[in-house]
Amino acid sequence: MRTSWLIAVFVVLLAVVPTARFSGYHLFQMTMVVVYAVAILGLAILTGINGQISLGHGAFYAIGAYTTAILMNSWDVPYWLTLPISALVCAGVGFLVGLPALRLGGLYLALTTFALAVAIPQILKHKLFEDWTGGVQGLVIDKPDAPFGLPLNTDQWLYLFTLGVAVVLYIFAINLTSGRIGRAMRAVRDHAVAAEAMGINLAMLKTRTFAVSAMYTGVAGSLGAIAVAFVAPDSFSVFLSITFFVGLVAGGAASIGGTIVGAVFIEFVPNLADKVSKAAPGAVYGVILIAMMFLMPQGAGGFLHGLWRRVVRLGGK
Amino acid sequence: MPPVDDQPLLRITGVKMRFGGVVALGGVSFDVARGQIRGLIGPNGSGKTTLFNCISGIYRFMEGDILFEGKSLANVPRHEMANIGLGRTFQNVALFRPLSVRDNILVGAHHLAKSGFIANALRLPSVRREDAAAQKRLDDLLDLLDLRGVAETPAGALPFGTQKRVELARALIGDPKLLLLDEPAAGLNHSEVDDLAVMIERVRSHFGCSVLLVEHHMNLVMRVSDKVAALEFGLKIADGTPDEVRAEPEVIRAYLGEPDPELKH
């Protein structure tokens with residue numbers, strides 16, 4: 001009980017402090033942290049909890065982003081209404097990608113999803129879809145204003161809107177992964193044959209998990225598109241997928257709370273590396289990444305969990 | 001129509017299985033009655049594990065049939081086995097190692113509940129009810145199998161003997177009509193085997209389920225089984241009470257080898 005109160009206080013602080021204190025750019029950075037956290041959460045459900053490795057989740061992020069942009073641009077759908085539609089589209093695509101995944105174990109699945117991530121920018125640029133996607137130029141969309149005459153500027157409203165959606169998505173994810181279905185997901189990851197003997201339908205569980213995962217990352221793509229107010233094929237290169245994977249591992253693959261740390265990592269560490277060395281930010285980024293893996297081999301999630309247990313033990317004495 | 005009570009819980013009739021040119025099972029038949037502890041013994045390579053895998057759906061047998069409550073298991077998908085009442089353990093323990101003992105056992109109750117992804121994400125009242133029901137069954141088992149002290153420990157961190165009890169609990173929480181035990185004594189020391197024998201009898205009296213015990217360990221099988229079948233080279237060489245099977249010359253020969261004519265006097 002006490003933990004859920006702490007989390008509630010944390011969320012309120014997270015909503016109030018940046019909105020009241022942060023300037024436009026920093027607030028935008030915070031918005032992107034929330035967006036990335038949801039994207040990594042999708043990957044954590046699939047890879048961390050269910051054990052299906054995806055190196056191509058940037059593809060679902062792109063599909064979500066483009067779904068929102070196209071709906072707003074071509075059909076004048078209000079931005080908030082694009083989210084449920086994008087969720088359905090991405091869940092559908094995720095389910096379909098999940099079907100061949102049933103026959104491909106571990107590393108082969110990783111390669112297949114990687115191929116998807118490689119293909120996506122080129123598909124988005126293709127002449128066939130140019131009328132909708134805007135081709136290489138991409139699409140510019142309008143930033144939403146705060147509704148009901150709330151005294152908030154666009155950046156503030158965007159941050160609160162994104163955070164609100166994320167909180168709902170996190171609650172659903174925690175419910176899903178802590179109950180019967182979550183146990184089944186982990187069981188399949190740890191021993192598929194035994195899981196099947198316990199009555200878990202592997203094909204059904206894995207494809208549905210894939211759909212949920214793609215849905216989360218896709219909605220993150222939609223939120224990201226709304227926040228950036230622009231989509232273009234080259235924003236969704238393979239590197240984005242790898243970045244999500246880095247965030248996942250840095251946060252601690254199977255940890256829900258760790259996804260937030262992972263998002264902070266992928267949003268701020270590249271900037272930090274850039275400040276340290278203008279000439280070789282990539283090298284600095286690499287060193288930070290390696291140092292982190294040395295200091296927290298279980299990811300930030302595992303590290304914080306261990307720290308928490310130590311605090312509880314000390315408090316108990 | 002014969003009354004249901006006459007029907008054996010499990011009936012194996014003429015099951016054959018070949019791997020390439022090797023005949024692993026050459027037509028094996030026997031029954032497991034309701035409430036019975038049935039032993040299945042045989043030396044290495046006699047086909048008992050193959051038969052076990054045929055029953056649990058890992059292999060699809062080529063000829064003959066296996067009937068469970070009168071219905072063929074030939075085309076039952078593996079994930080349906082738990083649902084129709086077949087629980088099992090694995091030869092070398094197949095636990096979900098990072099998960100706590102509690103979660104490991106609860107996975108065994110998966111098929112008793114029906115709630116799906118959406119109901120779970122929203123944590124609907126039906127999900128809470130299912131959870132409460134599973135927790136209650138879990139509580140009973142933690143006491144019965146003496147696992148309460150390790151309920152929150154990751155299963156992979158426990159000693160082998162304890163892991164076997166966790167596996168047994170995981171099979172039992174699903175309320176099986178027939179419990180398939182694949183070499184439960186393997187890797188256990190002498191006193192652990194004694195505990196296991198007590199445990200198997202307790203399981204039967206507490207849950208009223210039948211047990212098919214596939215085992216290498218003669219002593220254990222002879223001690224707890226009501227009836228025993230013996231296999232050698234994929235064929236049944238004896239079937240009866242433990243005393244009858246122990247006295248069977250074929251069984252003695254299979255286990256101890258041919259008497260050496262040189263040593264005869």
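Residues numbered from 1 in each chain as written. Chains lettered and ligands numbered in written order. Predicted model: local features only at pLDDT ≥ 70, side-chain atom pairs only at ≥ 80, totals over all residues.

**Here we look at the interface of chain A and chain B**
Next up, step 1: At the interface, 24 residues of chain A touch 30 residues of chain B.
Next up, step 2: Put simply, the parts of the chain that give the side of chain A that touches chain B at least two residues each are α7 (154-178), α8 (180-190), α9 (192-197) and α10 (202-228) of chain A.
Next up, step 3: Looking at which element gives the most residues to the side of chain A that touches chain B, the answer is α8(A), with seven residues.
Next up, step 4: Tallied by class, residues from the side of chain A that touches chain B come to 13 nonpolar, five polar and six charged. (Contact = placed C-beta atoms within 7 Å. Helix = DSSP H or I, 4+ residues; strand = E, 2+ residues; numbered from the N terminus. Nonpolar A, V, L, I, M, F, W, Y, C, P; charged D, E, K, R; others polar.)

**Quick word on unusual backbone geometry**
Next up, step 1: Backbone geometry places A:Asp76, a non-glycine residue, at a positive phi of 55 degrees.
Next up, step 2: Relative to the elements of secondary structure, A:Asp76 occurs in the loop between α3 (57-74) and α4 (79-101).
Next up, step 3: In this structure, B:Phe233 takes a positive phi of about 50 degrees despite not being glycine.
Next up, step 4: Summarising the element assignment, B:Phe233 is placed in the loop between β9 (227-232) and β10 (235-240).

**Remarks on the environment of A:Leu163**
All names here are of chain A.
Next up, step 1: Position of Leu-163 relative to the elements: it lies in helix α7.
Next up, step 2: On the basis of neighbour count, Leu-163 is assigned to the buried category, with 21 C-beta atoms found within 10 Å.
Next up, step 3: In the structure, Leu-163 is positioned 132 residues away from Thr-31 in sequence and 7.4 Å away in space, judged by C-alpha atoms.
Next up, step 4: Residues within four places of Leu-163 in sequence aside, it is in contact with Leu-14, Ala-15 and Val-34. (Buried ≥ 20, exposed ≤ 12 C-beta atoms within 10 Å, placed from the backbone.)

**Observations regarding the nonpolar core**
Next up, step 1: With 173 residues, the main nonpolar core has A:Ala37, A:Val38, A:Ile40, A:Leu41, A:Ala44 and B:Leu213 as its most contacted residues.
Next up, step 2: A per-element tally of this core places helix α2 (residues 24-49) of chain A first, with 17 residues.
Next up, step 3: When neighbours within four sequence positions are excluded, A:Ile40 is seen to be in contact with A:Phe244, A:Gly247, A:Leu248, A:Gly251, A:Thr259, A:Gly262 and A:Ala263. (Core = buried A, V, L, I, M, F, W, Y, C linked by C-beta atoms within 7 Å.)

**Looking at the sheet that holds strand β3 (residues 37-41) of chain B**
All names here are of chain B.
Next up, step 1: Across the sheet, six strands lie side by side as β6-β7-β8-β3-β9-β10; this open sheet has mixed pairing. Since the sheet does not close on itself, it has two edges, and those belong to β6 (86-88) and β10, each with one partner. Within the sheet, the average angular offset between the axes of one strand and its neighbour, ignoring direction, is 20 degrees.
Next up, step 2: In this structure, β6 lies alongside strand β7 (residues 178-182), joined through three bridges in parallel fashion. (Pairing = 2+ DSSP bridges. Axes fitted to C-alpha atoms, helices over the stretch in contact; angles between N-to-C directions.)

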